[in-house]
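If you want the building blocks of each chain, they are given just below.
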Amino acid sequence: AQSVSQHNHHVILSEAASLELGCNYSYGGTVNLFWYVQYPGQHLQLLLKYFSGDPLVKGIKGFEAEFIKSKFSFNLRKPSVQWSDTAEYFCAVEGPSRASKIIFGSGTRLSIRP
Amino acid sequence: DTAVSQTPKYLVTQMGNDKSIKCEQNLGHDTMYWYKQDSKKFLKIMFSYNNKELIINETVPNRFSPKSPDKAHLNLHINSLELGDSAVYFCASSQDTASLRETQYFGPGTRLLVL
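Residues numbered from 1 in each chain as written. Chains lettered and ligands numbered in written order. Predicted model: local features only at pLDDT ≥ 70, side-chain atom pairs only at ≥ 80, totals over all residues. Heavy atoms only, no water.

(A) Structural view of the nonpolar core. A:Trp35, A:Leu48, A:Phe74, A:Leu76 and A:Tyr89 are the most contacted members of the largest nonpolar core, which totals 30 residues. The set of elements that each furnish at least two residues to this core consists of β2 (10-14), β3 (19-21), β5 (32-38), β6 (44-50), β8 (64-68), β9 (73-78), β10 (87-94) and β12 (108-113) of chain A. It is β10(A) that provides the largest number of residues to this core, a total of 4 residues. Counting 19 residues, the second-largest nonpolar core is a separate cluster that includes B:Met46, B:Phe64, B:Tyr89 and B:Leu112. (Core = buried A, V, L, I, M, F, W, Y, C linked by side-chain atoms within 4.5 Å. Buried < 20%, exposed > 50% of the residue type's maximum accessible area, 1.4 Å probe, protein only. Helix = DSSP H or I, 4+ residues; strand = E, 2+ residues; numbered from the N terminus.)

So, in structure tokens, the structure goes:
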């Protein structure tokens with residue numbers, strides 16, 4: 001069955017700490033991968049995406065993610081977090097065709113201590 | 001200019017009522033979606049339309065009926081509202097080719113509370 005797992009439900013860090021959020025997926029065939037962020041009370045915004053090419057993807061606000069096909073993983077990283085990074089982070093996967101549906105992980109809540 | 005907009009932003013209503021949520025996108029996209037985000041933040045697709053044609057219809061009660069008058073609008077009508085319908089509903093859109101899908105852009109969400 002197609003699924004996305006985000007094992008960290010709630011991560012608490014201090015400002016300037018490094019961040020890595022895990023994402024593993026189960027999906028047959030070619031995939032598109034996404035990380036979305038949802039700031040408190042706001043809608044989902046795209047952080048970064050991987051469709052093909054370089055497996056190390058750079059996104060907005062200093063975030064990056066690495067697609068490791070052999071591990072079915074797409075972990076999100078940031079070398080130094082800020083208080084403003086406090087939000088919910090969602091990993092998502094979909095097939096490339098129009099008929100495939102996007103599947104979201106359950107989200108990881110990130111809390112940054114000032 | 002808001003790319004994907006939804007109205008209303010908040011909706012509080014009684015059980016058994018019928019309500020509609022509207023979604024409009026000004027991005028020129030041809031595919032639109034409705035998602036439901038429950039109290040645990042789990043996000044699940046409900047429907048997708050491409051050029052007014054239903055593409056994805058997940059296992060959703062038939063009390064939920066999407067309506068797409070044109071490719072820039074996808075409204076969601078809910079009949080006989082139940083307590084379990086309380087959630088945040090997100091609209092999204094993307095520009096798809098015949099075989100490929102591009103990034104989805106999300107609206108601000110409609111917070112529905114059924115009393």
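(B) Geometry of the interface of chain B and chain A. Residue-level contacts link 25 residues of chain B with 24 residues of chain A. Across the chain B to chain A interface the summed buried area is about 2,000 Å²; carbon plus sulfur atoms make up 52%. The set of elements that each furnish at least two residues to the side of chain B that touches chain A consists of β4 (31-37), β5 (43-50) and β6 (53-57) of chain B. Looking at the side of chain B that touches chain A, its residues break down into 11 nonpolar, 7 polar and 7 charged. (Contact = heavy atoms within 4.5 Å. Buried area = accessible area lost by both parts, 1.4 Å probe. Nonpolar A, V, L, I, M, F, W, Y, C, P; charged D, E, K, R; others polar.)

(C) Representation of the side chain of B:Gln104. Mapping B:Gln104 onto the fold places it in the loop between β9 (87-94) and β10 (105-106). The buried category is assigned to B:Gln104, whose relative accessible area is 3%. Only 2.6 Å separates the side chain of B:Gln104 from the side chain of B:Tyr35, close enough to count as a polar contact. Excluding anything up to four places from it in sequence, B:Gln104 contacts A:Tyr36, A:Glu94, A:Ile102, B:Tyr33, B:Tyr35, B:Ala92, B:Ser93 and B:Ser94. (Polar contact = N/O pair within 3.5 Å; in protein donor to acceptor, adjacent residues only side chain to side chain.)

(D) Molecular detail of the state of the cysteines. Going through the model one piece at a time under the given rule, you end up with 2 disulfides over all chains. Between A:Cys23 and A:Cys91 runs a disulfide, and the two sulfur atoms are separated by 1.9 Å. One disulfide, between A:Cys23 and A:Cys91, carries an S-S torsion of -65° and so falls in the left-handed class. Remark: A:Cys91 occurs in strand β10 and A:Cys23 occurs in the loop between β3 and β4 (24-26); sequence separation between them is 68 residues. The pair formed by A:Cys23 and A:Cys91 is uniform in burial state, with each residue classed as buried. A sulfur-sulfur distance of 1.9 Å marks the disulfide that ties B:Cys23 to B:Cys91. Judged by the torsion about the S-S bond (-80°), the B:Cys23/B:Cys91 disulfide is left-handed. Linking B:Cys23 in strand β3 (residues 19-25) with B:Cys91 in strand β9, this pair joins segments that are 68 residues apart in sequence. (Disulfide = S-S within 2.5 Å.)

(E) Molecular detail of the sheet that holds β3(B). Residue and element names in this part refer to chain B. In spatial order, the strands read β1-β3-β8-β7; together these 4 strands make up an open sheet with antiparallel pairing. Taken across any chain shown, the strands that pair with only one partner, and hence form the sheet edges, are β1 (4-7) and β7 (64-70). The mean angle between the axes of side-by-side strands here comes to 20°, regardless of whether they run parallel or antiparallel. Bridging between β7 and strand β8 (residues 73-78) involves 5 bridges; their strand directions are antiparallel. Across the sheet, the residue bridging to Lys-67 is Asn-75, located in β8. (Pairing = 2+ DSSP bridges. Axes fitted to C-alpha atoms, helices over the stretch in contact; angles between N-to-C directions.)

(F) Representation of a nonpolar patch on the surface. Residues and elements named next belong to chain B. Side chains of Val-12, Leu-113 and Leu-115 sit close together on the surface and give an oily, nonpolar patch of about 270 Å² of accessible area. Mapping Leu-113 onto the fold places it in strand β11 (residues 110-114). Classification of Leu-113 as partly exposed rests on a relative accessible area of 42%. (Patch = residues over 30% accessible without salt bridge, like charges linked within 9 Å, V, L, I, M, F, W, Y side chains within 5 Å. Areas by Shrake-Rupley, 256 points an atom, 1.4 Å probe, with all protein chains shown as cover. Salt bridge = Lys/Arg side-chain N within 4 Å of Asp/Glu carboxyl O.)

(G) Representation of the environment of B:Gln37 in the model. Looking at the element boundaries, B:Gln37 is found in strand β4. Within the local environment of B:Gln37, its side chain forms a polar contact with the side chain of A:Gln38, the two groups lying 3.0 Å apart.

(H) Spotlight on the pairing of β11(B). Residues and elements named next belong to chain B. Every second residue of β11 is oriented toward a common face, the buried set being Thr-110, Leu-112 and Val-114 and the non-buried set Arg-111 and Leu-113. In this structure, strand β2 (residues 10-13) lies alongside β11, joined through 4 bridges in parallel fashion. Considered in β11, the bridge of Tyr-10 is made with Arg-111. Relative to β11, β9 runs antiparallel, the two sharing 3 bridges.

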